[in-house]
Amino acid sequence: MKNRNLTSKEKEFCRRYVFCSDPKKAAVLSGFAEDPEKKSQELLSKEEIVEEISRICALRRQTMEELAAVGYQRLAFGSIADAVSLLYMDNPTAAQLESMDLFSVSEIKRPKDGSMEIKFFDRLKALEKLSDGAKEESGATPVYDAICKGAKALSDCERGKSNEA
């Protein structure tokens, strides 16, 4: 792989560029202080740099997808016990609140009458998102659909030829 030939400054440029999307700023932050605009253009014209940026982008996308999946799992299957406990507390301390798992809570209201209203994120929507992600991850559904469409097109083409004969 060509990316192994990159210097540490070039690798740092790639990382900075992916996160800030500003070539000049990435060059400055990576230690290319002398004419960073020209240096950034030079770097971006190298195939090895473009490959490394693409690799980092793919890793970042995969990481973000994994984080989203973990979040959806917590919403779909997480406990609401701490939120229910909160309903029965008169004046919870900051320490009590910080120790609670309120990840699935979307909104907390305390109307003037002193009661408390707690709204939760929609578990069914979280499950749908998890299900959608699983379909995309496997890749089977789009590939299967493409194969079916191709087979149908071939079948239709063959039928058209046999009708002509």
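About the thresholds
- Residues numbered from 1 in each chain as written.
- Predicted model: local features only at pLDDT ≥ 70, side-chain atom pairs only at ≥ 80, totals over all residues.
- Heavy atoms only, no water.
- Helix = DSSP H or I, 4+ residues; strand = E, 2+ residues; numbered from the N terminus.
- Buried < 20%, exposed > 50% of the residue type's maximum accessible area, 1.4 Å probe, protein only.
- Areas by Shrake-Rupley, 256 points an atom, 1.4 Å probe, with all protein chains shown as cover.
- Axes fitted to C-alpha atoms, helices over the stretch in contact; angles between N-to-C directions.
- Parallel < 35°, antiparallel > 145°, perpendicular 65-115°, else oblique.
- Contact = heavy atoms within 4.5 Å.
- Nonpolar A, V, L, I, M, F, W, Y, C, P; charged D, E, K, R; others polar.
- Core = buried A, V, L, I, M, F, W, Y, C linked by side-chain atoms within 4.5 Å.
- Phe/Tyr/Trp six-rings, centres within 6.5 Å; stacked < 30°, edge-to-face > 60°.
- Lys NZ or Arg CZ within 6 Å of the ring centre and 35° of its normal.
- Left-handed = near helix turned anticlockwise from the far one by under 90°.

### A few points about the overall build of the protein
Secondary structure summary: the protein contains eight helices and two strands in total. Relative to its full complement of 165 residues, the protein shows a buried share of 18%. Summed over its atoms, the accessible surface of the protein is roughly 12200 Å², and 55% of this surface lies on carbon and sulfur atoms.

### Observations regarding the packing of helix α1 (residues 8-20) against helix α3 (residues 36-44)
One way to put it is that α1 packs onto α3 with a least axis distance of 11 Å and a crossing angle of 95°. As judged from the angle between their axes, α1 and α3 are roughly perpendicular. Counting all contacts with α1, which are made through Glu10, Phe13 and Tyr17, the residues of α3 involved are Ser40, Leu43 and Leu44. Class assignment of the residues belonging to the contact of α1 with α3 gives a composition of four nonpolar, one polar and one charged.

### A look at unusual backbone geometry
Phi angles above zero are rare outside glycine, and Ser21 is one such case at about 60°. Checked against the element boundaries, Ser21 lands in the loop between α1 and α2 (23-29). Not every positive phi belongs to a glycine, and Asp35 is a case in point at roughly 50°. With respect to the element layout, Asp35 can be found in the loop between α2 and α3. Judged by relative accessible area, which is 42%, Asp35 ranks as partly exposed.

### Digging into the nonpolar core
It is characteristic of soluble globular proteins that their nonpolar side chains tend to be buried jointly. Membership of the largest hydrophobic core is limited to 11 residues, which are Leu6, Phe13, Cys14, Val18, Ala26, Ala27, Phe32, Leu43, Ile49, Ile53 and Ile56. Those residues in contact with Leu43 that sit more than four places away from it in its chain are Glu10, Phe13, Phe32 and Ile49.

### Concerning the environment of Ala81
For Ala81, the position within the fold is in helix α5 (residues 81-87). Residue class for Ala81 comes out partly exposed when judged on its relative accessible area of 42%. The sequence separation of Ala81 and Met100 amounts to 19 residues, and the corresponding C-alpha distance is 9.1 Å.

### Focus on the packing of aromatic side chains
What the rule picks out here adds up to one aromatic pair. Directly above the ring of Phe32 sits Lys9, whose terminal nitrogen or CZ lies 4.6 Å from the centroid. For the cation-ring pair, Arg74 lies above Phe103, with the distance from its terminal atom to the ring centre recorded as 3.9 Å.

### Quick word on the packing of α1 against helix α4 (residues 47-77)
Across the interface, α1 lies against α4 with an axial gap of 9 Å and an inter-helix angle of 50°. As far as their axial angle goes, α4 and α1 are oblique. In this structure, the crossing between α1 and α4 has a hand that is right-handed. For the pair α1 and α4, contact is made by Glu10, Phe13, Cys14, Arg15, Tyr17, Val18 and Phe19 and by Ile49, Glu52, Ile53, Ile56, Cys57 and Arg60, respectively. Tallied by class, residues from the contact of α1 with α4 come to nine nonpolar, no polar and four charged.

### Focus on the side chain of Ser104
Among the secondary structure elements, Ser104 is positioned in the loop between α6 (94-99) and β1 (105-109). Here Ser104 falls in the buried class, since its relative accessible area comes to 6%. Discounting residues that sit within four places of it in the chain, Ser104 has contacts with Leu75, Ser79, Ile80, Lys119, Phe120 and Phe121.

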